[in-house]
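These are the residues of each chain, in order.
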Amino acid sequence: MFGVDGSTGEAQAGAAGERPVILFVAAVSVTLEKFVVPIAEALHDRGWTTIGASEGASLVAGFDSVLDLPAFRRRGLLPHLRAFRALIRAIRAVRPDVVHLNTPAAVALGRVAAAVARVPSVSVIHGTFLEPRSSLTLAFGLVESLTARLSRVTVVLNEDDARFYRRVTGRRRVLSAPAGGAGVGLSGLGRVPGRERTGAVALYLGRLAGDKNLDFLVRAWATARRSCPELVLRFVGSAVAGDPGWDPPDAPGIEFAPWTDDPLSEMQDAAVVVSASRREGFPLTVAEAVVAGVPVVAVENRGTREIERQAGADAITLVKCDPDQLAAAINSAVAGLPRTQFREALARRWGREATVAFHVSVVGDRFGPPPSSWPESVN
């Protein structure tokens, strides 16, 4: 529908015919690729014109067209202002029927930009700064209280966030998604592990960023290793644009591998999957490990509490943000916390099909044409 212009964010509107238009906005391209593309493809099949916008969006396939926004995630006030102006220009040029906002930085800019351009928006709350309490908590809560109602619909991933947004926007504007992102990918779950390990492995799988509490995880592992000298801490992941840098320590017993397209093989080869993050909306790596029946030990946060709420206390071990507690839980898992069979009911509840269908229904029911106007191929 329009070309990419990474320097200015300018877009040229084209004739969309009778197809409604949805503009998906995220801070970085990996969010578009991992979380948004399956939803966009499903909406395209139902007659929508789909546009993806983010830093580096031109690297992502799966949309009818894309727009590269100036980089702004965690880059200060001026980059945010440049991205805000580019986004307003794009919305006014494209004239979408709805703007779909993903990730906190894009939600913060996109709500206001869509309101200025007088286009309705959907905010998907992948995470908040409401927990743990810090200097950001009060500021975040105040800003959300003032701006959340600018979105026609707010989608949340856990009950704790749902309670907050119901208070500030009203109950009818808040909907709860089945899972985070585009849902749990089910390919390969339950297969036989691909390789044998001679030692116990605690696996961290995800973004390598300081805000994932990884220094704390290393301290807890060092404590656990006093009781289990063969315990290996394996990091598999990479950083995302704008993340505070973090590198695994070069120490005996710590392994590192870059991000893999086969995370389930890594999970099934580990004794336990670990997460130390204190702020999550609905951590998909944790959910995938739970579905696969792999033991999981995680620091308690809004997202891990939601997973425990739905899966049960036997599916995941939650601990306070205390290195001794985390170390003890890791040791218990390595010593023989039993694996379970593939959790089929959770796979259906959190799976990609159910999650994508939910997001499609939010957009279609609130903003789209009736099913009778869909292309014949999907009627």
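Quick caveat, the model's predicted, so the values are computed rather than measured.

Draft legend 1. Summary view of the side chain of T285. As for its position among the elements, T285 is in helix α8 (residues 284–292). Within the structure, T285 has its side chain in polar contact with the backbone oxygen of L205 (distance 3.5 Å).

Draft legend 2. A look at the sheet that holds strand β3 (residues 65–68). Pairing is parallel in the open sheet, where seven strands are placed in the order β3-β2-β1-β4-β5-β6-β7. Across the chains shown, the open sheet's two edge strands, defined by having one partner strand only, are β3 and β7 (174–176). Sheet twist, expressed as the mean angle between neighbouring strand axes with direction ignored, is 20°. Relative to strand β2 (residues 49–55), strand β1 (residues 21–28) runs parallel, the two sharing six bridges. Along β2, the bridge assignment pairs I22 with T50. Against the sheet, helix α3 (residues 104–116) touches β1, β4 (98–102) and β5 (121–124), its axis set at about 160° to β4.

Draft legend 3. Expanded view of the packing of aromatic side chains. This model, assessed by the stated rule, comprises six aromatic pairs. Here F164 and Y165 contribute two aromatic rings whose centre-to-centre distance is 4.9 Å and whose plane-to-plane angle is 85°, an arrangement assigned as edge-to-face. For the pair F164 and Y165, one class covers both residues: buried. In textbook terms, an aromatic cluster arises when at least three aromatic residues are bridged by ring pairs, as seen for Y204, F235 and W246.

Draft legend 4. Just the packing of helix α1 (residues 29–45) against helix α12 (residues 352–367), in detail. Between α1 and α12, the shortest axis-to-axis distance is 9 Å and the interhelical angle comes to 65°. In this structure, α1 meets α12 at a crossing whose hand is right-handed. For the pair formed by α1 and α12, the contact residues are K34, P38, I39, A42 and L43 on the first element and R352, V356, H359, V360 and V363 on the second. In terms of residue class, the contact of α1 with α12 is built from seven nonpolar, one polar and two charged.

Draft legend 5. Looking closely at the sheet that holds strand β8 (residues 201–207). Ordered in space as β10-β9-β8-β11-β12-β13, the six strands form an open sheet in which the pairing is parallel. Edge positions in the sheet fall to β10 (254–257) and β13 (317–319), since each of these pairs with one other strand and no more. Direction aside, the axes of adjacent strands within the sheet are offset by 25° on average. Its contacts with the sheet put helix α6 (residues 214–227) on β8, β9 (232–238), β10, β11 (272–275) and β12 (296–299), and the angle it makes with β9 is roughly 165°.

Draft legend 6. Quick peek at a nonpolar patch on the surface. Together, L77, L78 and L81 give the surface a local cluster of nonpolar side chains, amounting to about 310 Å² of exposed area. For L78, the position within the fold is in helix α2 (residues 77–94). For L78, a relative accessible area of 56% gives the class exposed.

Draft legend 7. A look at helix α10 (residues 323–334). The first and last C-alpha atoms of α10 sit 16 Å apart over twelve residues, in line with the 16 Å expected at 1.5 Å per residue. Along α10, the positions that sit buried rather than exposed are L326, A327, A329, I330, N331 and A333. Buried residues along α10 sit against β8, α6, β11, β12 and β13. G336 sits one or two residues past α10 and shows a positive phi near 140°.

Draft legend 8. Structural view of unusual backbone geometry. A cis geometry characterises the amide bond from E131 onward to P132, with omega recorded as -5°. Relative to the assigned elements, P132 resides in the loop between β5 and α4 (135–147). You will see that R95, though not glycine, has its phi angle at about 55°, which is positive. The topology assignment puts R95 in the loop between α2 and β4. In this structure, N213 takes a positive phi of about 65° despite not being glycine. Locating N213 in the fold gives a position in the loop between β8 and α6. Taking relative accessible area as the criterion, N213 reaches 18% and is therefore assigned buried.

Draft legend 9. Just the confidence of the model for the protein chain, in detail. Of all residues in the protein chain, 88% have pLDDT values of 70 or greater, and the mean over the chain is 89. Counted against residues more than four places away or in other chains, residues 1–16, with its pLDDT under 50, gives 42 contacts. Counted against residues more than four places away or in other chains, residues 190–198, with its pLDDT under 50, gives 17 contacts.

Draft legend 10. Region of interest: the pattern of salt bridges. For the coordinates displayed, the defined rule picks out 18 salt bridges. Of the charged contacts, one joins E55 and R75 as a salt bridge, the two residues approaching to 3.8 Å between their closest N and O atoms. With a gap of 20 residues between them, E55 in strand β2 and R75 in the loop between β3 and α2 connect regions that are remote in the sequence. Between R163 and D160 there is a salt bridge; the shortest N-O distance is 2.3 Å. Of this pair, R163 and D160 both sit in helix α5 (residues 159–169), three residues apart, which is roughly one turn of that helix. For R163, a relative accessible area of 40% corresponds to the partly exposed category. One salt-bridge network, in which partners are shared between bridges, spans E131, D160, D161, R163, E300, R302, R305, E306, R309 and K320.

Analysis parameters
Residues numbered from 1 in each chain as written. Predicted model: local features only at pLDDT ≥ 70, side-chain atom pairs only at ≥ 80, totals over all residues. Heavy atoms only, no water. Helix = DSSP H or I, 4+ residues; strand = E, 2+ residues; numbered from the N terminus. Polar contact = N/O pair within 3.5 Å; in protein donor to acceptor, adjacent residues only side chain to side chain. Pairing = 2+ DSSP bridges. Axes fitted to C-alpha atoms, helices over the stretch in contact; angles between N-to-C directions. Contact = heavy atoms within 4.5 Å. Phe/Tyr/Trp six-rings, centres within 6.5 Å; stacked < 30°, edge-to-face > 60°. Buried < 20%, exposed > 50% of the residue type's maximum accessible area, 1.4 Å probe, protein only. Left-handed = near helix turned anticlockwise from the far one by under 90°. Nonpolar A, V, L, I, M, F, W, Y, C, P; charged D, E, K, R; others polar. Patch = residues over 30% accessible without salt bridge, like charges linked within 9 Å, V, L, I, M, F, W, Y side chains within 5 Å. Areas by Shrake-Rupley, 256 points an atom, 1.4 Å probe, with all protein chains shown as cover. Salt bridge = Lys/Arg side-chain N within 4 Å of Asp/Glu carboxyl O. Expected span 1.5 Å × (residues − 1). pLDDT = per-residue confidence, 0-100.

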